[in-house]
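Analysis of the macromolecular model
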Amino acid sequence: MDLSKHFFVRSALSCSAAGLLALALGLTGCSSTPQIDEDSYGHVKLKRPEKIVYEQISAAGCELAVPLDVPAVAGTPLELDVQLINESRRELCIKEWYMIDQYNFAVYYRQVPADRPLDKHTPFKSYKVAIPLKPLPRHAELRLRPGNRAMLTVTLPFTGNLNPGEQASFEVYLATNLNTFKIKSKRFMVHAR
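Attention in this report is confined to the structure presented alongside it. Nothing here was measured: the structure is a model prediction, and the numbers come from that model.

**Quick look at the environment of Asn148**
Inspection of the secondary structure assignment puts Asn148 in the loop between β9 (142-144) and β10 (149-156). A C-alpha to C-alpha distance of 9.9 Å links Asn148 and Gln83, two positions 65 residues apart in sequence.

The following block contains the structure:
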């Protein structure tokens, strides 16, 4: 038996197997695992918009109803219940609405002097809650069908700046603090005692 032929075939097979193994290791052994981006999940890339844009909504047929005269206790902030009423024939859908009522409103107020009439040119002071960046507050779409209303609670902090027992009156109005839906209430009086 000629061993040289057998050895040649066997060494050729060994060389081919070694070459394939080296090729396989070369292809997989040199690869590195990519960093996983927080915005990607599996092979799908999730893109977050840089800025969310909502459509402008008309406030025609809507009313922000407030009481006309409100008693308050000096030295404590006032929790005021207001109503957003949809009196139109179309559904109102505010996608920018925040889950926390206070984030949706700005409070405008000015103190009425006790000894003289209010000067109509006296500017209003404003109170807006600073919306935190972390954690970002959640939006909760507000939908009102025709003839329906939403009951909302807004804090008026300026009565908390008074000393207990101090008497003061304020002219106040509320307005939405949203980019897409603008509405304001009638002016009303807050009497702190």
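Anyway, onward from the coordinates.
**Side note on the side chain of Thr155**
With respect to the secondary-structure elements, Thr155 resides in strand β10. Engagement of the side chain of Thr155 in a polar contact is seen with the side chain of Glu79, the distance being 2.9 Å. When sequence neighbours within four positions are dropped, the list of residues in contact with Thr155 reads Pro77, Leu78, Glu79, Gln102, Val107 and Tyr127.

**Quick look at unusual backbone geometry**
Between Lys134 and the following residue, Pro135, the backbone shows a cis peptide bond with an omega angle of -10°. Tracing the backbone shows Pro135 in the loop between β8 (125-128) and β9.

**Re the packing of aromatic side chains**
For any pair of aromatic rings, the description rests on two quantities: the centre-to-centre distance and the angle between the ring planes. Using the criterion set out here, one finds seven aromatic pairs in the structure. When the ring of Tyr98 is compared with that of Tyr103, the centres are 5.8 Å apart and the planes differ by 90°; the resulting orientation is edge-to-face. A relative accessible area of 13% means that Tyr103 is categorised as buried. Pairing Tyr108 with Tyr173 gives two aromatic rings, centres 4.9 Å apart and planes at 15°, and the pair type is stacked. Taken together, the residues Tyr108 in strand β7 (residues 105-112) and Tyr173 in strand β11 (residues 168-176) connect sequence positions 65 residues apart. The pair formed by Tyr108 and Tyr173 is uniform in burial state, with each residue classed as buried. Through pairs of rings, three or more aromatic residues link up here, namely Tyr108, Phe124 and Tyr173.

**Observations concerning the environment of Arg116**
By the element assignment, Arg116 lies in the loop between β7 and β8. A residue is classified by how much of its surface remains accessible, and Arg116, at 52% relative accessible area, is exposed. A polar side-chain atom of Arg116 sits 3.4 Å from a polar atom in the side chain of Asp115.

**Section: the sheet that holds β7**
The strand order across the open sheet formed by five strands is β4-β12-β11-β7-β8, and the pairing between neighbours is mixed. What marks the edges here is a single partner per strand, and that holds for β4 (69-72) and β8. Sheet twist, expressed as the mean angle between neighbouring strand axes with direction ignored, is 30°.

**Observations regarding the pairing of strand β12 (residues 188-192)**
Moving residue by residue along a regular strand, the side chains alternate between the two faces of the sheet. Of the two faces of β12, only one is covered, namely that formed by Phe188, Val190 and Ala192; the face formed by Met189 and His191 stays uncovered. The pairing of β4 with β12 spans four bridges and is parallel. When the sheet's bridge partners are listed, Val70 is paired in β12 with Val190. Pairing geometry for β11 and β12, over five bridges, is antiparallel. Bridging from a neighbouring strand, Val172 pairs with Phe188 of β12.

**Description of the pattern of salt bridges**
Scanning the model with the defined rule gives six salt bridges in all. The partner of Arg110 in a salt bridge is Glu171, with the nearest N and O atoms 2.8 Å apart. You can see Arg110 sitting in strand β7 and its partner Glu171 sitting in strand β11, a full 61 residues away along the chain. For the pair Arg110 and Glu171, one class covers both residues: buried.

**Overview of the side chain of Glu96**
Tracing the sequence through the fold places Glu96 in the loop between β6 (92-94) and β7. Buried charge Glu96 goes without a salt bridge, the closest partner of opposite sign being Lys182 at 7.3 Å. Not counting residues within four places of it along the chain, the set of residues in contact with Glu96 comprises Tyr54, His139, Leu178, Asn179 and Thr180.

Definitions and limits used
Residues numbered from 1 in each chain as written. Predicted model: local features only at pLDDT ≥ 70, side-chain atom pairs only at ≥ 80, totals over all residues. Heavy atoms only, no water. Helix = DSSP H or I, 4+ residues; strand = E, 2+ residues; numbered from the N terminus. Polar contact = N/O pair within 3.5 Å; in protein donor to acceptor, adjacent residues only side chain to side chain. Contact = heavy atoms within 4.5 Å. Phe/Tyr/Trp six-rings, centres within 6.5 Å; stacked < 30°, edge-to-face > 60°. Buried < 20%, exposed > 50% of the residue type's maximum accessible area, 1.4 Å probe, protein only. Pairing = 2+ DSSP bridges. Axes fitted to C-alpha atoms, helices over the stretch in contact; angles between N-to-C directions. Salt bridge = Lys/Arg side-chain N within 4 Å of Asp/Glu carboxyl O. Lys, Arg positive; Asp, Glu negative; His and termini not counted.

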